[in-house]
Amino acid sequence: MSRISYHFHCILQAKLNFFISICILFLLISSCAKAQIAPSQYSREDILKGSITPEREWWDAIHYDLTIQVKPELKFITGVNNVSYKVLKPYQIIQIDLQEPMKLLAAVQDGKELSFRNEGAAYFIKLDKKQKKGKLNELVLKFEGSPVEGKRLPWDGGWTWQEDANGKTFAANANQGIGSSVWWPNKDIPYDEVDGLDFHITVPKGLVAVGNGKLVDSSSTEETTTYNWTVKNPINSYGISADIADYAHFSDSYTGEKGTLDLNFYVLKENLEKAKEQFKQVPQMLEAFEHWFGPYPFYEDGYKLVEVPYLGMEHQSNVTYGNGYSNGYLGRDLSGSGWGLKFDYIIIHESGHEWFANNITNKDVADMWVHESFTTYSENLFVDYYYGKEASSDYVIGMRGSIRNDRPIIGTYGVDQEGSGDMYFKGANILHTLRQLIEDDEKWREILRCLNTEFYHQTVTTSQVENFISKKSNIDLSQFWEQYLRTTMIPKLEYVIDGSTLKFRYTDIVEDFDMPVQVNVNQTTEWIYPTAEWKTQSFDASISDFEIDRDFYIESKEIK
Ligand SMILES: [Zn+2]
């Protein structure tokens, strides 16, 4: 918002654009600086995991051809990952990540086995062949082991080995946070996504293995079946998952903004009837989200919803589901407003991530609000689409009780450090507040849709998203983002009512924070323009009725 008056933004657009460019430059410089100087409380391991090391920087991951054989009775995986990569600048050591107790057995280039050393999960492989700029090379990684078992998936990460009602294997993995290197070797950092994936999963005969993207084919031997899956779009490595069970399969299609989208559902046989009923929410979700965010970002890969033995995860084009076939979040309404029981939280939330997390992916997990704030907010927009604007406000405002303001929403760069869990409920409320400032729902929708085209299939920094929204809305939101994303302070509006005049100012704000707020004065809605300085605004009649619009996430205090 800065010092520029909110209502005269069009005139000042040229100046603003210049100012925004300066801001972009400044933010880039400051985030780079943060990325390089990691605070001392972070370990070498954190830096190896979360930073763009010299051994990562020089190459661009292009494609993974991942083959695994899963032996559920031994909780054991053997596999090969063929990594295709492009040389961005000459370098002879490549970093590949794989966490213990998984073991890298061999690294091979052009048929020649290479030497390597490992430091925790980071393997530094010495490449014999000269790595020439612009060349496309391949590296073959052979691995095996019993991956870490998740004890409380999806929160900790790893594999889980369960059984269905008939005693058959029901296994899956989720690795957000811990990283995909918990079970397979790859470039385990979000800024670099491969352009596509081929995924071959071999399991004991009688089981179905579901991967990302579309099923190409399957073939069986006497003892095993191999399922070949392919992903034709950029994919983040934490979004890659394998789900294994004696699944029942059913399918459908959805006619959306980009044509026909294949929908495939894999559920335990005992839950087939319940799933056919509950999963009717998938086309409803697609209709609402395509309206607000634009086309589903992975038409070529289809959409799948797959039952797993944990709550759920936004695996790309392979959304996993374990919400018990009931509405709400494990049957509860996180907003307390009642609206949260109108939909299945996992179907809506995890699918919302196809737009924010899988289409637009953070480069550094410190900026994970780009995933979780927009996706939590997507729940509102689903409510808005089917139940209207008031319901949507009730829903998001109902979430405020869970905001902690313990740490800033943005975390620490370069050390694999997410910000506060407030990126969910507070994040959604920030975006809801922003919708009020834009004061034009069509424009707001256009911004949300444009985000998904501007950053289509890309990894981004928060600055890119912040500046893009400032630019599209014609509002300098620098102080708005600074306040809400980088501090734990909630702006407090102090006010005094004196006859027909209102005196007001902000406290608990960053410098130059001047977000306008809507208030209801004697049943009429008015904008006021508070800053850190006391201001006075006069009204026609004595103020008998005063209320701050509940849609703004601020605090207030009447001084009498
Ligand atoms: Zn989420």
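Check the entry above for the structure.
Residues numbered from 1 in each chain as written. Predicted model: local features only at pLDDT ≥ 70, side-chain atom pairs only at ≥ 80, totals over all residues. Heavy atoms only, no water.

Visitor: Help me get a handle on the overall build of the protein chain, residues and values and all.
Guide: Of regular secondary structure, the protein chain possesses 12 helices and 29 strands. The C-alpha atoms of the protein chain give 25 Å as radius of gyration, which agrees with the globular expectation for 560 residues (24 Å, within 12%). Projecting the C-alpha coordinates of the protein chain onto the three principal axes gives extents of approximately 85 × 55 × 40 Å. Taken across its 560 residues, the protein chain has 57% of its residues classed as buried. For the protein chain, the exposed area adds up to about 22200 Å²; of that, 50% sits on carbon and sulfur atoms. Each charge sign in the protein chain was given a centre, from 55 positive and 80 negative side chains, and these centres are 5 Å apart. (Helix = DSSP H or I, 4+ residues; strand = E, 2+ residues; numbered from the N terminus. Rg over C-alpha atoms; globule rule 2.2 N^0.38 Å. Buried < 20%, exposed > 50% of the residue type's maximum accessible area, 1.4 Å probe, protein only. Areas by Shrake-Rupley, 256 points an atom, 1.4 Å probe, with all protein chains shown as cover. Lys, Arg positive; Asp, Glu negative; His and termini not counted. Charge placed at Lys NZ, Arg CZ, Asp CG, Glu CD.)

Visitor: Can you tell me about empty space enclosed by the protein, naming the residues and giving the values?
Guide: Counted according to the given criterion, the structure contains 3 cavities of 30 Å³ or more. What the largest cavity holds in volume is close to 220 Å³. Asp 188, Pro 190, Tyr 238, Val 365 and Asp 416 are, among the 17 residues lining the largest cavity, the residues nearest its centre. Counted by class, the lining of the largest cavity contains 5 nonpolar, 9 polar and 3 charged residues. (1 Å grid on protein atoms, 1.4 Å probe; cavity = no way out; pocket = protein on both sides within 12 Å on 5 of 7 lines; lining within 4 Å. Points joined across faces, edges and corners; volume = space filled by probe spheres on them. Nonpolar A, V, L, I, M, F, W, Y, C, P; charged D, E, K, R; others polar.)

Visitor: Can you break down the coordination of the zinc ion residue by residue, with the values?
Guide: Coordination of the zinc ion by the protein comes from His 349 (NE2), His 353 (NE2), Glu 372 (OE) and Glu 372 (OE), over a distance range of 2.0 to 2.8 Å. Relative to the metal, the 4 donor atoms surrounding the zinc ion lie at angles of 51 to 156 degrees, and the coordination shape comes out irregular. Positions of the donor residues of the zinc ion, expressed as sequence spacing, correspond to H-x3-H-x18-E. Residue His 349 is located in helix α6 (residues 345-352), and its partner Glu 372 is located in helix α7 (residues 369-387); the two are separated by 23 residues in the primary sequence. The pair His 349 / Glu 372 is uniform in exposure class, with both members buried. (Donors = N, O, S within 2.8 Å, 3.2 Å for Na, K, Ca; no water. Tetrahedral: all angles 85-135°; square planar, octahedral: opposite > 155°, others 65-115°.)

Visitor: Before we move on, could you go through the sheet that holds strand β3 (residues 93-97) and cite the residues and values that matter?
Guide: Strand order in the open sheet made by the 3 strands is β3-β7-β6, with antiparallel pairing throughout. Unpaired on one side and paired on the other, β3 and β6 (116-119) mark the two borders of the sheet. With strand direction ignored, the average angle separating the axes of adjacent strands in the sheet is 25 degrees. (Pairing = 2+ DSSP bridges. Axes fitted to C-alpha atoms, helices over the stretch in contact; angles between N-to-C directions.)

Visitor: Which residues make up the pairing of strand β7 (residues 122-126), and what values go with them?
Guide: Judged by how many residues are buried, β7 sits mostly within the fold: 4 of 5 residues are covered. Looking at chain direction, β3 and β7 are connected through 5 bridges and run antiparallel. Bridging from a neighbouring strand, Ile 93 pairs with Lys 126 of β7. Bridge count for β6 against β7 is 4 bridges, and the pairing is antiparallel. Counterpart to Glu 119 in the pairing with β7 is Ala 122. What sits between the antiparallel neighbours β6 and β7 is a turn of 2 residues, in which Gly 120 has the positive phi angle 65 degrees.

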